[in-house]
Amino acid sequence: RQRAFDDKDDTFPLGLKHKIAGTPTKQVFKEIYHFMETGVVDALLFMGDLTDKGAIDSYSAAVRFIANALQIGYGREHSNLAVGLVPGNHDINRELAKDPGFDPKFRPLNEALATERLPQLPVDCCVHMGIGAQNAEVNVILMNSCWGCGSRTLIPSEFRSSIADAIDHAIATGGDAELAAYYDRQLDTPAFSDDGISHFLSLANGTAAGGLLVAVAHHNLLPQRASRIAPYTELINSGRVRQAMTQLERPIVYLHGHIHEDPIEIVQIPNGQPLLCISAPAAEDGFNVVEVKFTRHGIPLACEITAWRFDEAGNLKGMPPI
């Protein structure tokens with residue numbers, strides 16, 4: 001999509017139009033790459049929705065763009081940089097989601113990541129990443145909140161077949177509008193699996209109590225601020241995960257995407273430690289720089305978020321830190 005660009009002349013050279021207007025997503029990735037070149041970035045974390053409609057042939061193109069634009073993956077300039085990715089509901093191919101078992105709908109995207117020598121998505125278990133220096137340790141745990149996405153088995157059995165058939169018919173006979181409506185307002189039931197929650201707690205309890213714990217998943221643990229009449233797109237066991245995290249009795253940063261807004265929200269129980277929820281924007285809107293400050297003894301002291309967003313003139317720049 002073009003940003004801040006009023007195009008009324010079809011005869012104007014297309015190449016010059018692109019040069020003047022730019023493409024938001026490419027501008028965002030170019031700025032992220034500039035950050036990486038400074039050497040101050042310890043990890044890149046992607047919040048899911050790498051693709052739009054779960055089309056299998058789009059996985060390779062999306063992953064190749066990320067790898068080449070940022071020069072990450074084995075054999076590239078920044079191959080040593082820690083990279084973490086989680087799946088989003090738009091990454092799920094709905095035909096594969098009909099297959100029995102848990103893995104099939106995640107397999108093609110993981111195969112595309114493997115081709116570009118990038119890390120795998122978490123599937124049934126979480127993925128642990130230890131980053132930072134010994135006296136400033138951050139433990140990142142990647143989680144899969146898309147366990148139920150596209151699964152027919154989570155539609156009540158009394159009318160499962162009739163609803164599933166109606167969805168298939170609407171998509172098969174409709175066009176882009178029907179497909180977009182399904183992905184935006186689908187009977188989707190996103191959720192963490194029981195095994196995924198248990199594995200998260202096991203990994204969290206196995207890390208040093210003094211280090212900072214960062215959990216990464218696609219879906220928000222809190223409802224959106226705006227009223228949303230699409231209940232099945234919300235995380236159905238978010239309350240359980242939220243309670244499990246607050247009962248760990250340590251500060252946790254929870255990074256997510258999905259809502260395509262970018263609030264920063266703090267959950268805290270009485271006498272408890274903060275659970276800081278930070279939402280990433282869509283890639284075409286910008287990115288967040290999250291900086292953790294430690295004491296000299298390695299105790300996490302503060303978390304500073306700088307949002308990089310486009311201004312009204314179409315310039316990408318850092319906002320005042322929060």
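From a predicted model like this one, the values you see are computed outputs, not experimental measurements.

A. Region of interest: the side chain of Asn 139. Tracing the backbone through its elements, the reader meets Asn 139 in strand 4 (residues 138-142). If sequence neighbours within four positions are ignored, Asn 139 has contacts with His 128, Met 129, Gly 130, Thr 207, Leu 212, Leu 213 and Val 214.

B. Representation of unusual backbone geometry within the structure. Phi is positive for Arg 117, which is not a glycine, with a value near 60 degrees. If you check the backbone angles, Glu 249 has positive phi at about 60 degrees while not being a glycine. Tracing the backbone through its elements, the reader meets Glu 249 in the loop between helix 8 (238-246) and strand 6 (252-256).

C. Local environment of the side chain of Ser 238. By the secondary structure assignment, Ser 238 is in helix 8. Its relative accessible area of 13% is what places Ser 238 among the buried residues. Residue contacts for Ser 238: discarding those within four places in its chain leaves Asn 220 and Leu 221.

D. Up close: the pattern of salt bridges. Under the counting rule described, the total for this entry stands at nine salt bridges. With its nearest N and O atoms 3.9 Å apart, the salt bridge here joins Glu 116 to Arg 64. In this pair, Glu 116 sits in the loop between helix 4 (107-115) and strand 3 (127-131) while Arg 64 sits in helix 3 (residues 56-70), placing the two residues 52 residues apart along the sequence. Across the salt bridge formed by Glu 116 and Arg 76, the nearest N and O atoms sit 2.6 Å from each other.

E. Spotlight on the sheet that holds strand 4. Reading across the sheet, the six strands line up as 3-4-5-6-8-7 and stay open at both edges, with mixed pairing between neighbours. Of all strands in the sheet, those bounded by a partner on one side alone are strand 3 and strand 7 (264-267). Recorded for the sheet is a direction-independent mean angle of 20 degrees between the axes of neighbouring strands. Two elements, strand 4 and strand 5 (residues 212-216), share five bridges in a ladder whose sense is parallel. Bridge pairing in strand 5 links Asn 139 to Leu 213. Contacting strand 5, strand 6, strand 7 and strand 8 (275-279), helix 8 crosses the sheet at an angle of about 130 degrees to strand 8.

Thresholds, definitions, all that
- Residues numbered from 1 in each chain as written.
- Predicted model: local features only at pLDDT ≥ 70, side-chain atom pairs only at ≥ 80, totals over all residues.
- Heavy atoms only, no water.
- Helix = DSSP H or I, 4+ residues; strand = E, 2+ residues; numbered from the N terminus.
- Contact = heavy atoms within 4.5 Å.
- Buried < 20%, exposed > 50% of the residue type's maximum accessible area, 1.4 Å probe, protein only.
- Salt bridge = Lys/Arg side-chain N within 4 Å of Asp/Glu carboxyl O.
- Pairing = 2+ DSSP bridges.
- Axes fitted to C-alpha atoms, helices over the stretch in contact; angles between N-to-C directions.

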